Amino acid sequence: MEEKGYTQDGTVNLRRQPVLSSKTGKWKACAFLVGYEAFERMAFYGVASNLVVYLTTQLHEDTVASVRNVNNWSGAVWMTPIFGAYIADSYLGRFWTFTFSSIIYVLGMVLLTLAVSIKFLKPTCINGVCNKASTSQIAFFYSSLYIIAIGAGGTKPNISTFGADQFDDFDPNEKRLKVSFFNWWMFSSFMGALVATLGLVYIQENLGWGLGYGIPTIGLILSLLIFYIGTPRYRHKVRKTNSPAGDFVRVVRAAFANRDLEPPRDPSELHEFDLQHYVDSGKRRVYHTPIFRFLDKGALKEARLGVSPCTITQVEGAKLVLGMSMIWLVTLIPSTIWAQINTLFVKQGTTLDRHLGSSFQLPAASLGSFVTLSMLISVPMYDRYFVPLMRKRTNNPRGITMLQRLGVGFAIQILAIAIAYLVEVKRMKAIEAHHILNPKEVIPMSIFWLLPQYILLGVADVFNAIGLLEFFYDQSPEDMQSLGTTFFTSGIGVGNFLNSFLVTMVDKVTSRDGMKSWIGKNLNDSHLDYYYGFLLLISILNLGAFLWASKKYVYKRESNVEAKDENVEIECKPLETSPLGLQV
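Residues numbered from 1 in each chain as written. Predicted model: local features only at pLDDT ≥ 70, side-chain atom pairs only at ≥ 80, totals over all residues. Heavy atoms only, no water.

Taking an unreviewed UniProt entry as the reference, the protein chain is identified by name as Major facilitator superfamily protein belonging to Artemisia annua. The Subcellular location (unreviewed entry) comment attached to the protein chain in UniProt states, word for word, "Membrane". (UniProt positions renumbered as here; feature names shortened; annotations may be inferred.)

Peer 1: What's the story with the environment of Asp 296 in this structure? I'm lost.
Peer 2: Relative to the helices and strands, Asp 296 resides in the loop between β3 (285–286) and α11 (312–329). Along the primary structure Asp 296 and Val 251 are separated by 45 residues, whereas in three dimensions their C-alpha atoms are 8.7 Å apart. With sequence-adjacent residues up to four places away left out, Asp 296 is seen in contact with Pro 263, Leu 270, His 288, Val 315 and Lys 319. At 2.9 Å, the side chain of Asp 296 and the side chain of Lys 319 are in polar contact. (Helix = DSSP H or I, 4+ residues; strand = E, 2+ residues; numbered from the N terminus. Contact = heavy atoms within 4.5 Å. Polar contact = N/O pair within 3.5 Å; in protein donor to acceptor, adjacent residues only side chain to side chain.)

Peer 1: Mind showing me how you'd approach helix α7 (residues 181–206) here?
Peer 2: Over its 26 residues, α7 runs 37 Å from end to end, which matches the ideal 38 Å to within 8%, given 1.5 Å per residue. Along its length, α7 shows its largest kink, about 35°, at Ala 196. At the exit of α7 stands Gly 208, carrying a positive phi of roughly 130°. (Expected span 1.5 Å × (residues − 1). Bend = angle between axes of the 7 residues up to and from the residue.)

Peer 1: It is not clear to me how unusual backbone geometry should be interpreted in this structure. Could you clarify?
Peer 2: Excluding glycine, residues mostly carry a negative phi; peptide bonds, for their part, are mostly trans. Phi at Phe 292 takes a positive value of approximately 50°, unusual for a residue other than glycine. Assignment of secondary structure puts Phe 292 in the loop between β3 and α11. Even without a glycine there, the phi angle at Asn 395 is positive, about 60°. Asn 395 gets classed as exposed once you look at its relative accessible area, which sits at 62%. (Buried < 20%, exposed > 50% of the residue type's maximum accessible area, 1.4 Å probe, protein only.)

Peer 1: Help me understand the side chain of Lys 297, please; the structure alone is not making it clear to me.
Peer 2: Of note, Lys 297 is situated in the loop between β3 and α11. Buried and unpaired, Lys 297 has no salt bridge, with Glu 262 as the nearest side chain of opposite charge at 5.0 Å. Those residues in contact with Lys 297 that lie beyond four places of it in its chain are Ala 254, Ala 255, Asn 258, Arg 259, Leu 261 and Pro 263. (Lys, Arg positive; Asp, Glu negative; His and termini not counted. Salt bridge = Lys/Arg side-chain N within 4 Å of Asp/Glu carboxyl O.)

Peer 1: Would you take a moment to explain the packing of aromatic side chains for this structure?
Peer 2: Here a ring pair, both rings aromatic, is described through the centre-centre distance and the interplanar angle of the planes. Summed over the entire model, instances satisfying the criterion amount to 37 aromatic pairs. Here Phe 162 and Phe 227 contribute two aromatic rings whose centre-to-centre distance is 6.4 Å and whose plane-to-plane angle is 55°, an arrangement assigned as tilted. Placement of Phe 162 in helix α5 (residues 135–164) and of Phe 227 in helix α8 (residues 209–229) is noted, with a sequence separation of 65 residues between them. Like Phe 227, Phe 162 is buried. A network of ring pairs unites the aromatic residues Tyr 36, Phe 95, Trp 96, Phe 98, Phe 100, Phe 162, Phe 227, Tyr 228 and Tyr 234 as a single cluster. Geometry around Phe 256 places Arg 259 over its ring, the cationic atom sitting 4.2 Å from the centre. (Phe/Tyr/Trp six-rings, centres within 6.5 Å; stacked < 30°, edge-to-face > 60°. Lys NZ or Arg CZ within 6 Å of the ring centre and 35° of its normal.)

Peer 1: Looking at this structure, how should I read the packing of helix α1 (residues 26–48) against α8?
Peer 2: Relative placement of two packed helices is described by the angle separating their axes and the distance separating the axes. The geometry of α1 relative to α8 is characterised by a closest axis approach of 8 Å and an angle of 160° between their N-to-C directions. The orientation of α1 relative to α8 falls into the category roughly antiparallel. Considering only the axes of α1 and α8, their crossing is left-handed. Only Tyr 213, Ile 215, Pro 216, Gly 219, Leu 220, Ser 223, Leu 224, Ile 226, Phe 227 and Ile 229 of α8 make contact with α1, whose side of the interface consists of Phe 32, Leu 33, Gly 35, Tyr 36, Phe 39, Glu 40, Met 42, Ala 43, Gly 46 and Val 47. A per-class count over the contact of α1 with α8 returns 15 nonpolar, four polar and one charged. (Axes fitted to C-alpha atoms, helices over the stretch in contact; angles between N-to-C directions. Parallel < 35°, antiparallel > 145°, perpendicular 65-115°, else oblique. Left-handed = near helix turned anticlockwise from the far one by under 90°. Nonpolar A, V, L, I, M, F, W, Y, C, P; charged D, E, K, R; others polar.)

Peer 1: Help me understand a nonpolar patch on the surface in this model?
Peer 2: There is a patch of nonpolar side chains on the surface, built from Leu 14, Tyr 86, Ile 87, Tyr 91, Leu 92, Trp 96, Phe 100 and Ile 103 and spanning about 780 Å² of accessible area. Mapped onto the fold, Ile 87 is located in helix α4 (residues 81–117). Look at Ile 87 and you get partly exposed, because its relative accessible area is 35%. (Patch = residues over 30% accessible without salt bridge, like charges linked within 9 Å, V, L, I, M, F, W, Y side chains within 5 Å. Areas by Shrake-Rupley, 256 points an atom, 1.4 Å probe, with all protein chains shown as cover.)

Peer 1: I'm lost on the domain arrangement of the protein chain in this one. Help?
Peer 2: Where the parts come together, the accessible area they lose is often given as the size of the interface. What the domain assignment reports for the protein chain is domain 1 (7–241) and domain 2 (244–318). A straight line from the C-alpha centre of domain 1 to that of domain 2 covers 38 Å. (Domains from an automatic or database assignment.)

Peer 1: Is there a simple way to think about the environment of Pro 81 in this case?
Peer 2: In this fold, Pro 81 is placed in helix α4. By relative accessible area, Pro 81 is classed as buried at 0%. Spatially, the C-alpha atoms of Pro 81 and Ala 303 are 37 Å apart, while their sequence positions differ by 222 residues. Setting aside its immediate chain neighbours within four residues, Pro 81 contacts Ala 152, Gly 153, Lys 156, Pro 157, Thr 486 and Thr 489.

Below, the structure is given as structure tokens:
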């Protein structure tokens, strides 16, 4: 098929016909995808960045309740992709799962715009006195939010992996292009977030919430039209198994059934199909690795009666899932730190002097734009300067390994939360010096004191967010790449839920017996500095756990198998030059 100019990885069009390499895929196809991503991120951050302000000022919830509700919704947005990815990998494929989910997403945005625009759907205010939201108003508002979460479940894990599918791993030139894909994919995401945090939050607070939500809704609809214009250029991967997750279950079941047997020291004695099977099926053979050796019992040729042996490739797929789970666990605390940007950082900013000049007042959520700006500056610098520089030293196509990238990001994030702690200590001293107790009284301290923590978290995310997305996509078993990407999204989701749990428990524990709560309704009479100190401590401990997990992790090694002139050729494809995460 290569002689006819078709793609070498077996991708097809919507009619399941082979596609020409010159007319499909690559950046010409991805241009339509990144446009959607920019508008989708604008819509998401247009809601998420200022949601805590809407809940406290419009629905009149207290600080702890609003932080908890924002975290719970954000957590749902990042957890539902587990189901969307499973549906894509097992039934509909990425394109059609994305299509149906995007309709649900748009429906949620339309309903949310109505919820903040129509008079009888929001609380009324008379002479400055506002009523609390009714049960029906709250139900309609939160139903709209969670419809968005359901829609995001099918779009988030599939649009980025669908973009990565546009590059042929069997073509050396396209494989090189793919190295930069996730960097520039996230760059478009940051652009959408920047528009939201710079423009939309100002529109929401000064020109109306309906307009502030309506603009990204219209943008999202237009981006979908642009996405479908590019349909003739898209490549679609053929699903090679009906139940990708089923292999993991079969391996665990077989290993448990053979638990009393000893696996051989020589992996060649384990069960594996011959090379011709992989030629005929188009699948990739995965090489044996020494970790999680108990799973090797699932590939014993002399298995228990009634137990069908799994192949080494299937066993290695299960090992990859366990290995990624180990890394996933140590990303939860960093995700908890990230959750502060749209919650406590915003509430902290509302207590400070936000004036620019004599009349203009900066919305507290707009400071989040500096997270995005630092990302937008850092991504090109990382891709164009840092990677080539490190590539010369390490001979790694990525410059540094994926886990090294994560380690650098986590370290920068620790520095950011340390600065957040010091700034909060300064804010508490300003409150004490000026005897401020009223929750609405502005502290004579500029909001721009918060700027360093926002900028550092943006730089950290260039290493963290992009690194995690790339890591979980690359290290997933071949037929589980959408589901594998949900390790990235679910980590953020659980981080939000974890932050919601921590905020609730810290408030309950620290307010016992009449003590001053660390996170009370009145941030001017709380101890937020203690909470940031607590986050700093667990972040340092988590970095130690990450270093341990990364040294235990072994990267996937697979082969591309092709048949030419009736001879079998094998190309070993190690995804990293270093077998250990943080070692060069």
